[in-house]
Amino acid sequence: MSSLIFFMLIVFGSYFFSVPRFRWGSIQLNNIYYRETEDLPGWLYGAEYFIFTFLVISILLIILVTFYKRNKRIRKKIRHKYEDYFASGLVSYLYSGQGKNDGDKNPEIEGFKTALKDDYAKRIFINTLRRIRTQTLGDVRDKTLTIYNTYKFDYLIRAYLHSPYLRKKLFALKVISDFQLEGYEHYIFKLIKHKNNVLHSEALVTLVKLKKLDNLQLLLHLKINLTIWDINVIIKTVLDLKRKDINCLTLMESNNTKVSVLGIMLARLNLRQDLKMNIRQKIGNADDLVNEEAYLAYVSFAGEENDFDFLIDKFELATEKAKISIIKALASNPNKTTSIQFLELIVKNETFILKLEALQVLLLLDLSAVVRFKRSENITIRNICSQVLDFNL
Amino acid sequence: MNFVNLIDSVNSFFFIYACLLFIIYVLTAILSVQELKKYITKNRYVDYKSMLTFQKLPSISIIAPAYNEEKTIIENVKCLLALQYQNFEIIIVNDGSKDHTLSKIIESFDLIKVDIAYESNLVCAPVKAIYKSTNPAYNHVMIVDKENGGKADALNAGINVSQNDLFLALDVDCIIEPDALLKMVKPFLDDSEHIVIASGGVVRIANSCEVRDGKIVKVNYAHNFWAKFQVLEYFRAFTMGRMAWSKLNGLLIISGAFGLFDRKRVINVGGYDKTTVGEDLELVVRLRRYMHEVEKQKYRVAFIPDPLCWTEVPETYKVLSKQRNRWTRGGIDTIFKHRRMLFNPKYGLIGLVSFPYWVFFEWLAPILQFIGLFYLATITFLGLLNQQIFLTLLLFVFSFSVMYSLFAVFFEAYTYNKYQGASYIFQVFIFIFLEMFIYQPLNMFFSLSGNFDFFFKKNKKGWGDMTRTGFTNKKEQNQTIKL
């Protein structure tokens, strides 16, 4: 909007300086520069007008630079002042033993009311309360919610969720998840579909943090394109909250490959051994990411001889990262002979990095095999053997 | 064609060229505002530290070539050790230093020679030895000691030894913000539509800044006369120019001082080109060409506007001239090597917009500027100069240049606001005015000398020497290193 107004001012100025006077209803503006510009050819007049505009904009920019620098300095000072005031007041109140009931009055808490006049102060107050809540447990933590309710901040959060500003929406989501607020589900569902990935990631995190909501099953029905970032954020939140109730199987079976990856990763990280056979079915999947995660998960659950036989059988279909994990896992194969024979094949036929990994595992299983390879005619194998022996012996 | 027609044609040519340049600058400003706004909106509230516990993060090798860096190398490595990331290694490539760079690192980090096997995917000068630390605190530090072969050669040696998913090409004397790797990696994680092949970051000027324990503790506007101009130039180039090209996904250069690349793709394209002095530009152009010719998938070169890397810029006329001369030669070399991309629709926007821009407005602009000055002198001598038009156009260019630079300064204040104090604003304003009369003509001259050297001199691949003054104690740290 401001750009449009600015553009219209430039267009109006261009017109105004090319006519002797401008009349609009009863308003009349005389152009005192008309004599200077009337004889100029059109393009030269345009150039002079641009010069005038550039100079005006330059002056405005200098003013704006000065203004912004000053404004940022002042706001920083105000923020620190508020933060110190709220933090010290809240901490002394929360540890005073008062405030277990909504009816309890405390002069310090009451005193905040005068400070909480504008949105800015309220935001700082809520943030301070959030910080205390996330860092404490028990009574103190519970009392933070009581204070939140005392001040009836819900109306502010609702207003922020409707705000066109991203920062306000994000703030509201963080408050909802940290205070475990109920009644905002439909807002969260809406924001999950938002095109801004920070916002939809935050909405997903909020969804996971609100334990009463379904176990991410919502993702099965949404047509959103999860990114690796989203997957990481969701998994981090699930692990931080130690949630074991996520239905990994339905996520794994999703047609959306990223949701499927999420399900497999969660199954691996939550040690869902019971899903081993379902994961096995995902090996060889057309999607590289699903395929890789399936291998990594299956490797982490492999313990019986037939698991390793299966992995050896499917080795060629694996990505390089998965192949490395298989090689490393072969050290714990109950059938050492199979592992050694397979590792020897890898040393002879596979790429440099796989040779290196295989020789490192071989060193644990059969030192004589490594010594044999040390005399190999292949210079690369000899060099890798030297490294493996140098590092490990 | 008579003489008057000839004059008219030349006038029209210069007028159209200038108008195009003017339109490009205006578009650059508009696009950079849009892109920066989008970036800030998207990343303002990202908790980068949470990435430290992510399950799926690419591993990174930091590759830093070092040549005669004995006075600063220990501090530089310590700065790199302080970087926040969960899976990274530091590879310092000692490129045949003639001073005590290697012995100092060996001594300070308890290094011993190790037998490390690696695949020589890229051609480079022979590696003499590889060192690793016996101290577990430095177990992710590796030193590759090799024969001298130049920066590109050293980077190739580092890529050969590294085994991680991504590598960060870094000038060892740069100061990196602790969360730089986290911010640089983010585009590789959060783009589901494109393959991100590389990401570049903003390089800021560290001259006169206060540095403690390998970290910038106070940002000052450079005290040196030449560095003051370069601060403004870097504002425009990084905050405006590269941001705008990033918006179009048409970025052709990632600073050689600081760039994160997909290691496998770089190996696939043959690594850094040792035969050019503009290896940073050339690699990005070659990577883009590879994506269009071989992989044929949607890809992106990301650009991070956060100030993540601080470097020292030349403080003397002589060193500055050599640096700019080299940049020009590197640019021309890349243009000639990849000339088939010019106006070639097969390369999409790169072939139709980015590459032609580089040819007509990066390479040819200083040449045309010089021809224009010569032409101006000639028509003045012949009495054909219309003084009113000349003065109007001169004022036009001057006022636009001032406004454009001020816009870049405003942009910096509005977004990152690293520079403080009333004297900063006053000095910036003075140097914006001086720039057009001192720095711009000199840059034109340096560029012309680069063109001359490229086309007429034998040593078109030479780097020249640069005297670095160091970040903290200037008297102690005076040294001569190869750029």
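Just above, that's the structure.
The structure contained in this document is the topic of the report that follows. Given the structure is predicted, the values throughout are model-derived calculations rather than measurements. (Residues numbered from 1 in each chain as written. Chains lettered and ligands numbered in written order. Predicted model: local features only at pLDDT ≥ 70, side-chain atom pairs only at ≥ 80, totals over all residues. Heavy atoms only, no water.)

## Some points on the overall build of chain A
- For chain A, the count of helices and strands is 22 helices and 2 strands.
- Dimensions along the principal axes, computed over C-alpha positions, put chain A at roughly 100 × 75 × 45 Å.
- Residue pairs at least 24 apart in sequence account for 62% of intrachain contacts in chain A once pairs closer than 6 positions are excluded.
- Of the roughly 20,500 Å² of accessible surface on chain A, a fraction of 56% belongs to carbon and sulfur atoms.
- For chain A, the distance from the average position of its 57 positive side-chain charges to the average position of its 42 negative side-chain charges is 7 Å. (Helix = DSSP H or I, 4+ residues; strand = E, 2+ residues; numbered from the N terminus. Contact = heavy atoms within 4.5 Å. Areas by Shrake-Rupley, 256 points an atom, 1.4 Å probe, with all protein chains shown as cover. Lys, Arg positive; Asp, Glu negative; His and termini not counted. Charge placed at Lys NZ, Arg CZ, Asp CG, Glu CD.)

## Looking at the pairing of strand β8 (residues 195–205) of chain B
Residues and elements named next belong to chain B.
- A large share of β8 lies buried, amounting to 11 of its 11 residues.
- Sheet topology places β8 next to strand β12 (residues 299–311); 10 bridges connect them, and they run parallel. By the bridge assignment, V202 is partnered in β12 with P307.
- As defined by bridge partners, β8 adjoins strand β11 (residues 258–262) across 3 bridges and the pair is classed as antiparallel. If you follow G200 over to β11, its bridge partner there is G259. (Buried < 20%, exposed > 50% of the residue type's maximum accessible area, 1.4 Å probe, protein only. Pairing = 2+ DSSP bridges.)

## Examining the sheet that holds strand β5 (residues 141–146) of chain B
Residue and element names in this part refer to chain B.
- Taken in spatial order, the 10 strands line up as β3-β4-β5-β2-β1-β6-β11-β8-β12-β7 in an open sheet, and their pairing is mixed. A single partner strand is all that each edge strand has here, and the edge strands are β3 (111–114) and β7 (175–176).
- Of the pairings in the sheet, the one linking strand β6 (residues 166–170) to β11 comprises 5 bridges and is antiparallel in character. Among the inter-strand pairings, L170 is bridged to a residue of β11, identified as F258.
- Running over the sheet, helix α2 (residues 73–81) touches β1 (60–66), β2 (88–95), β5, β6 and β7 and is turned about 160 degrees from β2.
- Contacting β1, β2, β6, β7, β8, β11 and β12, helix α5 (residues 180–190) crosses the sheet at an angle of about 170 degrees to β12. (Axes fitted to C-alpha atoms, helices over the stretch in contact; angles between N-to-C directions.)

## Overview of the nonpolar core
- Counting residues in each nonpolar core, the largest one holds 281 residues, and the members touching the most others are A:F125, A:L216, B:I60, B:I62, B:I92, B:F258 and B:F261.
- Look past the residues within four positions of B:F261 in its chain and what remains in contact with it is B:D165, B:L166, B:F167, B:A169, B:I197, B:A198, B:I254, B:V266, B:Y272, B:L283, B:V284 and B:L287.
- Ranked by size, the runner-up nonpolar core spans 7 residues in total, among them A:F17, A:F22, A:Y45 and A:Y49. (Core = buried A, V, L, I, M, F, W, Y, C linked by side-chain atoms within 4.5 Å.)

## With respect to the interface of chain A and chain B
- Chain A puts 52 residues into the contact, and the matching count from chain B is 51 residues.
- Buried area between chain A and chain B, both sides added, is near 4,600 Å², and the carbon and sulfur share of it is 72%.
- The interface formed by chain A and chain B holds 3 salt bridges in total.
- For the salt bridge of B:K264 with A:E320, the shortest nitrogen-to-oxygen distance reads 3.1 Å.
- Inspection of the chain A/chain B interface yields 14 residue pairs in polar contact (both at pLDDT 80 or more).
- Counting residues per element, the side of chain A that touches chain B draws most heavily on helix α3 (residues 42–94) of chain A, which supplies 18 residues. (Buried area = accessible area lost by both parts, 1.4 Å probe. Salt bridge = Lys/Arg side-chain N within 4 Å of Asp/Glu carboxyl O. Polar contact = N/O pair within 3.5 Å; in protein donor to acceptor, adjacent residues only side chain to side chain.)

## Overview of a nonpolar patch on the surface
Residues and elements named next belong to chain A.
- Taken together, F6, F52, V56, I59, L60 and I63 make up a surface patch of nonpolar side chains, about 520 Å² in accessible area.
- For the nonpolar patch, the element with the most residues is α3, which contributes 5 residues.
- As for its placement among the helices and strands, I63 is situated in helix α3. (Patch = residues over 30% accessible without salt bridge, like charges linked within 9 Å, V, L, I, M, F, W, Y side chains within 5 Å.)

## Brief notes about helix α8 (residues 279–295) of chain B
- In this model, α8(B) (17 residues) spans 22 Å end to end at C-alpha, consistent with the 24 Å of a helix rising 1.5 Å per residue.
- Phi turns positive, to about 50 degrees, at B:K296, one or two residues after α8(B). (Expected span 1.5 Å × (residues − 1).)

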